[in-house]
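Structural description and commentary
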Amino acid sequence: TQLLEQSPQFLSIQEGENLTVYCNSSSVFSSLQWYRQEPGEGPVLLVTVVTGGEVKKLKRLTFQFGDARKDSSLHITAAQPGDTGLYLCAASYGGSQGNLIFGKGTKLSVKP
Amino acid sequence: NAGVTQTPKFQVLKTGQSMTLQCAQDMNHEYMSWYRQDPGMGLRLIHYSVGAGITDQGEVPNGYNVSRSTTEDFPLRLLSAAPSQTSVYFCASSYSRLSGNTIYFGEGSWLTVV
């Protein structure tokens, strides 16, 4: 059984600070996705990474895939209150969407 | 562009009652799935379908049934509701059954079983 660990579980910071969220797996995954979920809504995809060592940027968000494809990180620079939400990583261990496993999420609160 | 539509948004059931959560997508997606989200547990896959007439179990299928008679619809049936099924349910779809493709989620259905 694959395990996907996300940390920290909760994060409360001031506007302008930087933060990093981590996602670690017990097994090699074929791809990893990061989602963001706001209260009362479903998760929305931010990015998909598939290659070891891959780095993707989305405005102030930087996503990195570990070389061994067992870990990933999400770094937010100069966080804003609009970044508040639940961040979820989801890893695929096979070729099917049915093999997708979600982490438990990181609840981020950015205070003005 | 409706995307993934779930109904109802909120529902309260008594233990032992049955009900169906409806899900429809208008994107002609091959893959559809149901997740439940509980505090501290993340999203867990209940059932999924890779096309009309094809369904399979996910991580937590017990107490739930699904069917996929059309590409658009993927209802989730609770046969005899239990308090442990109190949760937020999300329907999701994807263009492809292959991993790495974007999954689109509905807005969720809040279910309370008393």
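This text goes with the structure placed above it.
The notes below deal with the structure included here.

**What to know about the overall build of chain A**
Per the secondary structure count, chain A includes zero helices and 11 strands. Along chain A, from the amino end to the carboxyl end, the secondary structure elements read β-β-β-β-β-β-β-β-β-β-β. Taken over the C-alpha trace, chain A has a radius of gyration of 13 Å; the compact-globule value for 112 residues is 13 Å, and the two agree within 12%. Considering only C-alpha atoms, chain A reaches an extent of 40 × 30 × 20 Å along its principal axes.

**Describing the layout of surface pockets**
Taken as a whole, the largest pocket holds about 580 Å³ of empty space. For the largest pocket, the lining is made up of 25 residues, of which Gln37(A), Leu86(A), Lys107(A), Gln37(B) and Pro39(B) are closest to its centre. If you tally residues by element for the lining of the largest pocket, the top one is strand 11 (residues 106-111) of chain A, at four residues. Of the residues assigned to the lining of the largest pocket, the class counts are eight nonpolar, 12 polar and five charged.

**Description of the nonpolar core**
Of all hydrophobic cores here, the largest spans 22 residues; its most connected members are Leu19(A), Leu32(A), Trp34(A), Leu74(A), Ile76(A) and Leu108(A). In this structure, Leu108(A) is in contact with Leu11(A), Ile13(A), Leu19(A), Ile76(A), Asp83(A), Thr84(A), Gly85(A) and Tyr87(A), ignoring residues within four places of it in sequence.

**Describing the sheet that holds strand 1 (residues 4-7) of chain B**
All names here are of chain B. With antiparallel pairing, four strands are arranged side by side in an open sheet as 1-3-8-7. Across the chains shown, the open sheet's two edge strands, defined by having one partner strand only, are strand 1 and strand 7 (64-66). On average, adjacent strands in this sheet sit at an angle of 20 degrees to one another, irrespective of strand direction.

**Some details on the pattern of salt bridges**
Think of it this way: side chains of opposite charge can pair up when their charged atoms draw near. Residue and element names in this part refer to chain B. Counted under the stated rule, the structure contains seven salt bridges over all chains. Put simply, Glu107 and Lys9 hold a salt bridge, and the shortest N to O gap is 3.6 Å. Of this pair, Glu107 sits in the loop between strand 10 (103-105) and strand 11 (109-113) while Lys9 sits in the loop between strand 1 and strand 2 (10-13), and the two are 98 residues apart along the sequence. Overall, Lys9 belongs to the partly exposed group, its relative accessible area being 29%. Among the charged side chains, a salt-bridge network with shared partners connects Arg36, Asp38 and Arg44.

**Some thoughts on the interface of chain B and chain A**
Each partner contributes to the interface: chain B provides 24 residues, whereas chain A provides 24 residues. Surface buried jointly by chain B and chain A totals about 1700 Å² across both partners, of which 54% is contributed by carbon and sulfur atoms. The interface formed by chain B and chain A contains zero salt bridges. The interface formed by chain B and chain A contains three residue pairs in polar contact (both at pLDDT 80 or more). Sorting the residues of the side of chain B that touches chain A by element identifies strand 4 (31-38), strand 5 (42-51), strand 9 (87-94) and strand 10 of chain B as the ones contributing at least two each. The element that contributes the greatest number of residues to the side of chain B that touches chain A is strand 5 of chain B, accounting for four residues.

Conventions used here
Residues numbered from 1 in each chain as written. Chains lettered and ligands numbered in written order. Predicted model: local features only at pLDDT ≥ 70, side-chain atom pairs only at ≥ 80, totals over all residues. Heavy atoms only, no water. Helix = DSSP H or I, 4+ residues; strand = E, 2+ residues; numbered from the N terminus. Rg over C-alpha atoms; globule rule 2.2 N^0.38 Å. 1 Å grid on protein atoms, 1.4 Å probe; cavity = no way out; pocket = protein on both sides within 12 Å on 5 of 7 lines; lining within 4 Å. Points joined across faces, edges and corners; volume = space filled by probe spheres on them. Nonpolar A, V, L, I, M, F, W, Y, C, P; charged D, E, K, R; others polar. Core = buried A, V, L, I, M, F, W, Y, C linked by side-chain atoms within 4.5 Å. Buried < 20%, exposed > 50% of the residue type's maximum accessible area, 1.4 Å probe, protein only. Contact = heavy atoms within 4.5 Å. Pairing = 2+ DSSP bridges. Axes fitted to C-alpha atoms, helices over the stretch in contact; angles between N-to-C directions. Salt bridge = Lys/Arg side-chain N within 4 Å of Asp/Glu carboxyl O. Buried area = accessible area lost by both parts, 1.4 Å probe. Polar contact = N/O pair within 3.5 Å; in protein donor to acceptor, adjacent residues only side chain to side chain.

All we've got here are geometric facts, nothing functional implied.
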